[in-house]
Amino acid sequence: MRFSKAEVDAIIEASPRTFVPFNKLVLSEDHQARSGTAPAMSLPELAASIKDSGVLQNLVVVQAARGRYEVCAGGRRLAALTLLVQQGDIADNYPVPVLVVPADKALIASLAENCFHVPMHPADEFAAFARLLAQGKSVEDVAAAFGVTPLIVKRRMKLATVSPRLMALYREGGIGLDCLMVLASVDDHQRQEQAWAGLPSWNQRPEHLRQLLTRGEIESDADPLARFVTVKAYEKAGGPLRRDLFSDDDRKAYLLDPALLERLAADKLGKRAKQLLSEGWKWVDIRPRFAYDEYVKHGELRKPRRAPTPEEAQALKALDTRIAALHEQMDALVDRDGDGDAGEGVSDGGEANDAADEDDASRDRAFLALESEADGLEEERKARLEALTEWPVAWMALAGCVLHVGTDGRAAVKAGLIRPEDRADLAQAITEAAGQKSAGGGGSEDGADSARGSGLPALQSLPSAAGATARPVHSEKLMRRLTAHRVAAIQAELLDRPEVALAALATHLTLKLLADPLHGAYRLPNLLAISATGNQHELRGAAEDIEASPAAQRIEADRIAWIEHLPKEPDAVFDWMLGQPPQTVQRLLTFLVASTVNGITGTDTGRPVNDGLARALGLDMTRWWSATGEAYLQHVSKARVVEVVHAVAGAKVAGPLAALKKDAAVAQAEQLLAGRGWLPDCLRVQPHADAPVTGGEEVDANDPARTEAPACA
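1. As for the overall build of the protein chain
Phase 1 of the analysis: When helices and strands are tallied, the protein chain shows 28 helices and 14 strands.
Phase 2 of the analysis: Counting only residues that meet the buried cut, the protein chain has 36% of its 713 residues in that class.
Phase 3 of the analysis: Relative to all contacts within the protein chain whose residues are 6 or more apart in sequence, the contacts with residues 24 or more apart total 74%.
Phase 4 of the analysis: On the protein chain, roughly 40900 Å² of surface is accessible, and the fraction owed to carbon and sulfur atoms is 54%.

Below is the structure:
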C-alpha cells in the first residue's frame with residue numbers, strides 16, 4: 001500500500017530523526033568515499049533484515065535539487081531498499097531515516113562511517129544466533145529475518161557450541177574456520193580439544209582433523225555395509241549415529257555401533273542364504289564383511305562350462321565372425337581422418353566444404369550404427385556363453401558359498417568353496433563323472449582350472465573362442481608414467497596412515513629376515529641391517545609431470561617440514577629421536593616408509609606390486625590424477641580416446657570424435673572426461689579376489705600360521 005503525503009509528514013513530524021521517502025533518494029556520485037556498488041551477494045540478507053526490523057542505522061545524505069537527497073553513506077542499505085521495492089515488499093515512498101549534512105561535510109561523513117566501522121567477528125555472529133534461538137525464536141523465523149537458509153542458521157548455532165577454549169583461539173586467529181567447522185561436528189568439548197591438541201603445527205588440515213574425530217565411526221556414504229543396510233533401517237533399529245551439519249550431503253551420517261550394523265546386515269542376507277541352500281549347496285556362510293583369511297584353507301572351484309551342441313557352436317561362430325567384421329568396418333571409418341579437409345583454405349570452396357561436412361556426418365552415422373549392432377551382438381554372445389555354464393548338482397552337494405556384502409554395497413556370493421574334509425569326496429565325484437562322460441562319448445566340460453587350489457584332477461578345457469592376443473593398450477613409457485603417479489599417490493595417502501606404514505615395514509622386514517636366507521636382505525655396515533632408498537628421483541624420471549601433481553606436492557611439503565624439524569648434525573639425530581614423543585617418531589617413520597614405496601613398471605599386465613598396499617589405504621586415484629590430454633589422451637591412439645569416451649559418456653557422445661583429427665579429438669575428449677573420474681585399469685585398485693587362492697594343503701598342527709603370535713617383551 002502507498003503512503004499518503006500526510007502519513008509521511010506525520011512520521012517526520014513525530015520522529016526525532018529525519019525521514020525521507022525512498023523515492024526521493026539517489027546514490028551520490030560526488031560525495032561517496034566508496035566507489036562502485038554494494039556486493040550483490042550480501043543484499044538479500046540485508047534486505048531481509050530491513051524487512052524484519054526496519055532501517056536501524058540512518059543513511060547520510062545531502063540535499064539536492066528538485067527535492068531529492070543524495071546518499072553519500074549507506075549505499076548498501078539503499079541497494080537493499082531498492083530490492084525490497086522491486087519485490088513489492090515495501091512502498092516506493094517508504095520513509096527512510098537519514099542524517100542531512102552540508103555538502104562540504106558530506107565526503108568527510110562518508111569517509112568517517114566507512115573507516116571507523118568495526119565489522120563483527122564471526123564468533124560474535126555465531127553466539128548471537130544461538131541466543132536468538134535460546135529466546136524462543138524458531139530456526140525458520142531467524143532464517144527469514146536474515147535472508148539465509150535454515151541450514152545456515154543451524155550451522156551458525158552449532159559453531160557457537162564449540163569449546164570456549166577453541167572459540168577463543170579462533171578469535172585470535174589460531175584456528176581457521178574450516179577446522180572450526182570440523183570440530184563443531186562433534187558435541188564433546190573434551191574430544192574437540194584432544195583432537196586439536198593431537199594435530200602437529202605443520203599438519204593442521206581439516207581432512208586430517210576429521211580423521212582423528214571420526215576414528216571408529218562408520219561413514220554412511222562410504223562404507224559398503226552402511227549402504228547395504230541403509231541409514232533408515234539402522235536408525236529404526238535404534239542405532240546411534242551422528243550427523244555432520246557441515247557436510248555438503250545432508251544425508252551423510254556417522255554410525256556409532258558397528259556390531260549392530262553387522263547384525264542388521266547378516267539378518268538382511270539371511271533370506272538370500274535360504275535361497276542358496278534351496279538351490280542345492282551343502283553349506284552357506286553369512287559374512288557381512290568377507291575376510292579372505294577365514295577361507296585360506298578352502299579350495300575353490302570354477303563354474304564349469306559344458307560343451308556346446310553343434311547348433312550352439314555354429315551360432316557362436318557366426319556371432320564371432322559378424323562381430324569381427326563390424327570392428328573391421330569401424331576401424332576403417334576411424335582411419336579416414338582428414339578426408340573432408342580438402343576444401344580448407346579455398347576462398348570459393350563453399351560447395352566442397354558442404355560436401356565434406358555431409359561426408360563427416362554420414363561417416364558418424366555409419367560408425368554409430370555399426371557400434372550399436374556390435375554392442376548388441378556382444379551382449380548376445382555373452383548371454384549364450386553364460387547359458388553354457390552351470391554348477392553340477394554333485395559338486396554343489398559337496399561345496400558351499402559365502403554370502404557377503406560386496407564393495408559396491410550389494411549382496412555378493414563367492415561360490416564353489418571346498419572345505420578340506422570334502423576334498424576327497426569331491427575328487428571321487430569328479431573322477432566318476434569324467435569316467436561316465438568318457439564311456440558315453442559325451443562332450444567335455446570347461447574345467448582345466450575347475451578345481452583350482454584343491455588338488456583335484458583337472459577337467460578337459462573347451463578351446464577359447466577369443467581371437468588373437470591384442471597388442472597392449474599402453475606403451476612402456478606411458479605405463480611407467482601412469483604407475484609413477486600411482487606410486488606417488490600411494491605415498492601421499494600413506495602419510496596419514498601410520499598403522500598401514502608400520503604393517504608395510506613389518507612385512508618387508510619379515511620377508512627379509514624370516515624367509516629363506518638366500519632371498520634375505522643384503523647386510524650393510526649400518527646400525528641396523530636395513531637398506532632404504534627413496535624413489536623421488538625415479539618418479540621424476542618416469543613422469544616429467546610428476547612434480548605438478550597433488551601427490552608429489554604433498555610429499556615434498558612434508559619432506560621440507562621434516563628437514564626443518566630435524567637436527568642439522570647427523571650425529572644428533574638418534575639422541576633427538578629418543579627425546580621425541582612416540583607419536584612424532586611414528587609420524588616420521590610413516591613419512592620414511594611412504595618415501596620408499598615402489599611399483600613403477602613398463603608393462604600393462606599382471607598384478608601391481610603395490611596393490612595390497614593400495615587396497616589397504618583405500619586408494620582412490622581420482623583424488624590424485626585425471627585423464628587430461630597431457631596426462632594420458634595425447635599418449636594413446638585416437639581409437640583408444642574414442643573407446644574411453646564411449647565407456648564414460650556413451651556411443652552418441654563418443655561417435656563424433658572418430659571423425660575429428662587427433663588433436664581436436666583429444667581436446668574435446670578432455671572436456672567430456674573432466675570430473676567424470678575415469679581411470680585406466682593400471683591405476684585402479686584390483687579386487688582382492690584376483691589373488692591366487694592358496695587352498696589344497698592339509699591342515700598341519702605345526703603350521704606357524706595356526707599358532708598364536710609370540711608375545712614380545
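2. What to know about the sheet that holds strand β8 (residues 253-255)
Phase 1 of the analysis: Ordered by their spatial adjacency, three strands build an open sheet running β6-β8-β7, and the pairing between neighbours is antiparallel. Every interior strand has two partners, whereas the edge strands, β6 (218-219) and β7 (241-243), have only one.

3. Observations concerning the pattern of salt bridges
Phase 1 of the analysis: Counting across every chain of the model gives 27 salt bridges.
Phase 2 of the analysis: Ionic pairing is found between D611 and R486, a salt bridge with its closest N-O pair at 2.6 Å. Highlighted residues: D611 in helix α25 (residues 611-617) and R486 in helix α19 (residues 476-494), separated in sequence by 125 residues. Grouping residues by exposure puts D611 and R486 together as buried.
Phase 3 of the analysis: D681 is the salt-bridge partner of R684, the closest N and O atoms lying 3.5 Å from each other.
Phase 4 of the analysis: Judged by its relative accessible area of 53%, D681 falls in the exposed class.
Phase 5 of the analysis: Sharing partners across several salt bridges, the network here consists of R205, D496, R554 and D558.

4. Looking at the pairing of strand β4 (residues 69-73)
Phase 1 of the analysis: A large share of β4 lies buried, amounting to four of its five residues.
Phase 2 of the analysis: Direction of pairing for strand β3 (residues 59-63) relative to β4: antiparallel, over a ladder of four bridges. The partner of V60 across the bridge, within β4, is A73.
Phase 3 of the analysis: Counting the residues in the hairpin turn of β3 and β4 gives five residues, including R66, whose phi is positive at 60 degrees.

5. Some words on the packing of aromatic side chains
Phase 1 of the analysis: Per the counting criterion, the structure on display carries four aromatic pairs.
Phase 2 of the analysis: Taking the centre distance of 5.2 Å and the plane angle of 70 degrees together, the rings of W281 and W391 count as edge-to-face. Remark: W391 occurs in the loop between α16 (350-387) and α17 (393-396) and W281 occurs in the loop between α14 (258-278) and β9 (283-287); sequence separation between them is 110 residues.
Phase 3 of the analysis: For W281, a relative accessible area of 7% puts it in the buried group.
Phase 4 of the analysis: When its relative accessible area of 18% is taken as the criterion, W391 is described as buried.
Phase 5 of the analysis: Geometrically, the ring pair formed by F290 and Y295 is stacked, given 5.5 Å between the ring centres and 20 degrees between the ring planes. Residues F290 and Y295 agree in their burial class; the two are buried.

6. Remarks on unusual backbone geometry
Phase 1 of the analysis: The residue R66 is not glycine, and still its phi comes out positive at about 60 degrees.
Phase 2 of the analysis: Relative to the assigned elements, R66 resides in the loop between β3 and β4.
Phase 3 of the analysis: Backbone geometry places T230, a non-glycine residue, at a positive phi of 80 degrees.
Phase 4 of the analysis: Within the fold, T230 resides in the loop between α12 (224-229) and α13 (231-236).

7. Some thoughts on the environment of V645
Phase 1 of the analysis: Within the secondary structure, V645 sits in helix α26 (residues 638-649).
Phase 2 of the analysis: Classification of V645 as buried rests on a relative accessible area of 1%.

8. Considering the sheet that holds strand β13 (residues 411-418)
Phase 1 of the analysis: Here we have four strands laid out as an open sheet, ordered β9-β12-β13-β10, and mixed in their pairing. Looking along the sheet, the strands with just one partner apiece sit at the ends: β9 and β10 (299-300).
Phase 2 of the analysis: In the sheet, strand β12 (residues 400-405) pairs with β13 via six bridges, with the strands oriented antiparallel. The residue bridging H404 from the neighbouring strand is A412, located in β13.
Phase 3 of the analysis: Contacts between α14 and the sheet are confined to β9, β12 and β13, with β9 contributing the most and set at about 165 degrees to the helix.

What counts and how
- Residues numbered from 1 in each chain as written.
- Predicted model: local features only at pLDDT ≥ 70, side-chain atom pairs only at ≥ 80, totals over all residues.
- Heavy atoms only, no water.
- Helix = DSSP H or I, 4+ residues; strand = E, 2+ residues; numbered from the N terminus.
- Buried < 20%, exposed > 50% of the residue type's maximum accessible area, 1.4 Å probe, protein only.
- Contact = heavy atoms within 4.5 Å.
- Areas by Shrake-Rupley, 256 points an atom, 1.4 Å probe, with all protein chains shown as cover.
- Pairing = 2+ DSSP bridges.
- Salt bridge = Lys/Arg side-chain N within 4 Å of Asp/Glu carboxyl O.
- Phe/Tyr/Trp six-rings, centres within 6.5 Å; stacked < 30°, edge-to-face > 60°.
- Axes fitted to C-alpha atoms, helices over the stretch in contact; angles between N-to-C directions.

From the geometry alone we can't say anything about function, so treat these as descriptive.
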